[in-house]
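# Examination of the molecular architecture
Listed below, chain by chain, are the residues.
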2 protein chains.
Amino acid sequence: MKKKFYDFCKKNNLKVTPQRIEIYKIVINSKEHPSLSMVYKSVKKKFPNISIDTVYRTLRKFVEIGIVKEVENYEDFRRYDGFTENHHHFHCIKCYKIFDIPYNEVGKLSINDFFNKNFEILDYKIILKGICKKCKSKKENTKNPLGF
Amino acid sequence: MKKKFYDFCKKNNLKVTPQRIEIYKIVINSKEHPSLSMVYKSVKKKFPNISIDTVYRTLRKFVEIGIVKEVENYEDFRRYDGFTENHHHFHCIKCYKIFDIPYNEVGKLSINDFFNKNFEILDYKIILKGICKKCKSKKENTKNPLGF
DNA sequence: CTTTTTGCAAAGCGTTTGCATTGAA
DNA sequence: TTCAATGCAAACGCTTTGCAAAAAG
């Protein structure tokens, strides 16, 4: 684990600083998939003077080099849906469009027993990512249709 | 559709204003699951003087009364994950913890043919929501473990 | 020694709030 | 005529940026 960290840093020309080591440890050891403010509070125990932007920059770096991932259901902007029945979504990574997918167009999901014993599942969503038909036939897509 | 809107407004003591009608139309008719700024740009065509906070307030109201939904993968804060292998997540709605779920603990998803013909699926994530074992045995959970 | 990283402060930007005015019922 | 909604401006909170000092390699 420590080796993995050093390797990633070396490979990506990142200097290994005590702050980075500590932030990495916190993310790895946390069972809660911490938010930034949680990481910040935690690092401060060891480095009371650390500034919050160091945490921001460090986590961004970690995501960039792939040693840490962002939990999937975060996007920069809220988006709205007038179709209020329960359904899934397909996200096109090229044009940023989101397509509604009715339940029956995706195979039914069967949750296994172990899982059902430990969690009460109220709802689930399948989020598919890929490229829509239109974008597959285009060379490139430069325009951002969302207007930002 | 128009009737649905009037009914929802009446039931929830919302006044039917031209701005609200227009915003609702935009969300309903958009195929793109618009972001706020896209809605804003769109309403401005009809109401050049509309202020952005009206759009904010209106969309919030709509979500509140349930006539519009927020696309699921939006959360207020980024959260981080040191487990970089591909896996699913279970979100506890009580304690806000996110649990890692290996692929094999959830039944395999079979995508049907229609779907595969129209979309190139690069990845999919199953996001389960519910209540974890610990929270099921508790009466209430007042503490927010994420630190915000 | 050179180059990156840190901490600080200020700026940026999406979102929310207070308030007087306007408009729906 | 009453009470909610709008538009405006200011405030708010999370995130980013510029820069000099400090630390890593």
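Remember, it's a predicted structure, so these values are computed and weren't measured experimentally.

## Examining the packing of helix 2 (residues 18-29) of chain B against helix 4 (residues 52-65) of chain B
Residue and element names in this part refer to chain B. Their axes nearest at 10 Å, the elements helix 2 and helix 4 cross at an angle of 65°. Considered as vectors, helix 2 and helix 4 are oriented roughly perpendicular to each other. In this structure, helix 2 crosses over helix 4, and the sense of that crossing is right-handed. Contact residues: helix 2 offers Arg20, Ile23, Tyr24 and Val27, while helix 4 offers Val55, Thr58, Leu59, Lys61 and Phe62. Along the lines of polarity and charge, the residues of the contact of helix 2 with helix 4 split into 6 nonpolar, 1 polar and 2 charged.

## Examining the sheet that holds strand 3 (residues 88-92) of chain A
An order of 4(A)-3(A)-5(A)-5(B)-3(B)-4(B) is seen for the 6 strands of this open sheet, with the pairing classed as mixed. In this open sheet, the two strands that pair with only one neighbour each are strand 4 (98-101) of chain A together with strand 4 (98-101) of chain B. Strand-to-strand, the axes of this sheet are offset by a mean angle of 25°, without reference to chain direction. Inspection of the sheet shows strand 5 (residues 119-132) of chain A paired to strand 5 (residues 119-132) of chain B by 13 bridges, in the antiparallel sense. Each bridged residue has a counterpart across the sheet, and for Ile127(A) the counterpart in strand 5 of chain B is Lys125(B).

## Some details on the confidence of the model for chain A
Mean pLDDT over chain A: 85, with 86% of residues reaching 70 or higher. Confidence drops under pLDDT 50 across residues 141-148 of chain A; counting only partners more than four residues distant or on other chains, this segment forms 20 contacts.

## Concerning helix 3 (residues 36-46) of chain A
Along helix 3 of chain A, the positions that sit buried rather than exposed are Leu36(A), Met38(A), Val39(A), Tyr40(A) and Val43(A). The inward-facing, buried residues of helix 3 of chain A abut helix 2 (18-29) and helix 4 (52-65) of chain A together with strand 2 (80-81) of chain B.

Rules behind the numbers
Residues numbered from 1 in each chain as written. Chains lettered and ligands numbered in written order. Predicted model: local features only at pLDDT ≥ 70, side-chain atom pairs only at ≥ 80, totals over all residues. Heavy atoms only, no water. Axes fitted to C-alpha atoms, helices over the stretch in contact; angles between N-to-C directions. Helix = DSSP H or I, 4+ residues; strand = E, 2+ residues; numbered from the N terminus. Parallel < 35°, antiparallel > 145°, perpendicular 65-115°, else oblique. Left-handed = near helix turned anticlockwise from the far one by under 90°. Contact = heavy atoms within 4.5 Å. Nonpolar A, V, L, I, M, F, W, Y, C, P; charged D, E, K, R; others polar. Pairing = 2+ DSSP bridges. pLDDT = per-residue confidence, 0-100. Buried < 20%, exposed > 50% of the residue type's maximum accessible area, 1.4 Å probe, protein only.

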